[in-house]
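Listed here are the chains, written in short residue letters.
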Amino acid sequence: MDTRTSLAIGLLLGASITTASAVILLLRTNSRHRPRKRRNSTRPADPAPGAVRDGVAGLIGNTPLFRINSLSEETGCEILAKAEFLNVGASPKDRVALAMIDEAERKGLIVPHRGDTLFEGTVGSTGISLAVISRARGYLSHIIMPDDQAQEKYALLSKLGATVEKVRPVSIVDPNHYVNLARRRAVDMNREAGDDPSRPRGFFCDQFENLANFDAHFTTTGPEVLRQTGGVLHAVVLGAGTGGTLAGMARYLKPRVPGLLTVLADPTGSGLYHKVKHGVLYSPTEAEGTRRRHQVDSVVEGVGINRLTKNFSTGLDVIDEAVRVTDREAVEMSRWLVRSDGLFVGSSSAVNCVAAVRVARQLGPGHTIVTMICDHGTRHLTKFWSDEYIASQNLTPTATGLEFLDDPAGEPIVLVQKGLTSLA
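Bear in mind the structure is a predicted one, so any value in this text is a computation, not a measurement.

About the criteria used
- Residues numbered from 1 in each chain as written.
- Predicted model: local features only at pLDDT ≥ 70, side-chain atom pairs only at ≥ 80, totals over all residues.
- Heavy atoms only, no water.
- Helix = DSSP H or I, 4+ residues; strand = E, 2+ residues; numbered from the N terminus.
- Buried < 20%, exposed > 50% of the residue type's maximum accessible area, 1.4 Å probe, protein only.
- Contact = heavy atoms within 4.5 Å.
- Axes fitted to C-alpha atoms, helices over the stretch in contact; angles between N-to-C directions.
- Parallel < 35°, antiparallel > 145°, perpendicular 65-115°, else oblique.
- Left-handed = near helix turned anticlockwise from the far one by under 90°.
- Nonpolar A, V, L, I, M, F, W, Y, C, P; charged D, E, K, R; others polar.
- Pairing = 2+ DSSP bridges.
- Core = buried A, V, L, I, M, F, W, Y, C linked by side-chain atoms within 4.5 Å.

Participant: Sorry if this is basic, but what is going on with unusual backbone geometry here?
Facilitator: Glycine aside, a negative phi is what most residues show, and trans is what most peptide bonds show. The phi angle at asparagine 62 is positive, at roughly 55°, despite the residue not being glycine. Here asparagine 62 shows up in the loop between helix H1 (3-33) and strand E1 (65-67). Taking relative accessible area as the criterion, asparagine 62 reaches 18% and is therefore assigned buried. You will see that aspartate 206, though not glycine, has its phi angle at about 60°, which is positive. On the secondary structure map, aspartate 206 appears in the loop between strand E6 (202-204) and helix H7 (212-229).

Structure follows, in structure tokens:
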């Protein structure tokens, strides 16, 4: 082969490779802009900056992590909060609702646009999330709630198209407890449907025992916090109702962040505090006979419980410590946050922030604590944010600073990881 022929072949091969590379690059570029089919995944894809989100499900997860300035400056620590109120349904329960629906679809338990109904017993936030996502996915929702919750939750659910059933608050052992009733409604609907695959069916979401709840936070919230902090964090402080958020995040983060402390923030009347501290599910209000409310003896809604759920149990062994938060501390903290930071938060978020400050003070300056702002105060206008209601509970706020945290409730915080050395 002469030199001229070799040169011609080389030029031809080079041009072919260049052309192929250009085509591949063009195809990859175009594919980024094509609408994606909805994926049956509980983990939101990490969107590129400015990317178009895919429907309602695309507005769930990847919430910002932000610094609560006033609390950080008061403690000398970085107190960071996951802004879960920025989810489409305005709470972390969006993640759970999406996960439960995805799993039920994968198992063939529900079919979109057949008239299938999602049943759930809830004090509000999970029901709102289910109502939002069920509409977007082609389902109906039937939400059963105790009748002593903030009135705006019922109104919002109705506007979202959910069937709202209010029942008298009773113990979980009562067949007419709102959770038991939701289960029964789904069973009754399926009994009527029989074996006919064309007839609408009911699905009891069961947020307290359905481990899709735990999985949602293990696969999304935990990884997001790890990425957003770069792994530089010393404590995660959260309340628990179903327990899925704290358990899922703790289980994910513990092996990946050496020395991480995980802390339960628990309101008055809940038994989880003693379960973490002493291994016994117990609340003093049960023994003393002073209980005023059926679920948890607190003005706080959404966290605290007197039974051990499957979701909480899944992470119990990686929860190191618990902080008791009184109603007065929660009320005072909520008013401090709106005055100092412009943060209008719900009651469970106030509980989280009280406990986060306690942990920060115990750890000392220079540490990073992650907590969560779960929902907005607009869901609590007729109770937690009602001056009249708060006054009727003898909880009218009087503090001008954080002096309401100077006398901690409960036992001292022992900042020791289970099986590890002290972080203090």
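Participant: Sorry, what's going on with the side chain of serine 134 here?
Facilitator: For serine 134, the position within the fold is in helix H4 (residues 125-137). Relative accessible area serves as the criterion here: at 1%, serine 134 is assigned to the buried category. Once residues lying within four places of it in the same chain are set aside, the contact partners of serine 134 are Ile101, Leu118, Tyr139, Leu140 and Ser141.

Participant: Teacher, can you tell me more about the packing of H7 against helix H8 (residues 244-253) here?
Facilitator: The description of two helices packed together rests on the angle between their axes and the distance between the axes. At a closest axis distance of 7 Å, the pairing of H7 and H8 adopts a crossing angle of 55°. Considering their axes alone, H7 and H8 lie oblique with respect to each other. By crossing handedness, the relation of H7 to H8 is classed as right-handed. Listed contacts from H8 to Asn213, Phe214, His217, Phe218, Thr221, Gly222, Pro223, Val225 and Leu226 of H7 are Gly244, Thr245, Ala247, Gly248, Met249, Arg251, Tyr252 and Leu253. Its residues assigned to classes, the contact of H7 with H8 comprises nine nonpolar, seven polar and one charged.

Participant: What should I look at first to understand the sheet that holds E6 in this one?
Facilitator: Within a sheet, adjacent strands bond to each other through the backbone by hydrogen bonds, running parallel or antiparallel. Strand order in the open sheet formed by four strands is E5-E4-E3-E6, and the pairing between neighbours is parallel. Of all the strands in the sheet, the pair left with one neighbour each is strand E5 (163-167) and E6. Looking at each pair of strands side by side, their axes are set apart by 20° on average, direction ignored. One ladder, built from five bridges, connects strand E3 (residues 117-121) with strand E4 (residues 140-146); its direction is parallel. Its bridge partner being in E4, glycine 121 is matched across the sheet by isoleucine 144.

Participant: Explain the nonpolar core to me, please; I cannot follow it from the model alone.
Facilitator: Considering soluble globular proteins, one finds that nonpolar side chains tend to be buried as a cluster. Core analysis: the biggest nonpolar cluster contains 45 residues, and Ile68, Leu71, Val237, Met333, Leu337, Val359 and Ile369 have the highest contact counts within it. Put simply, the parts of the chain that give this core at least two residues each are strand E2 (78-83), strand E7 (235-239), strand E8 (261-267), strand E9 (321-325), helix H12 (327-340), helix H13 (347-363), strand E10 (368-373) and helix H14 (387-392). Here this core takes 10 residues from H13, the largest share from any one element. Beyond its immediate chain neighbours, meaning those up to four positions away, valine 237 contacts Val263, Ala265, Asn352, Ala355, Ala356, Val359, Ile369, Val370 and Thr371.

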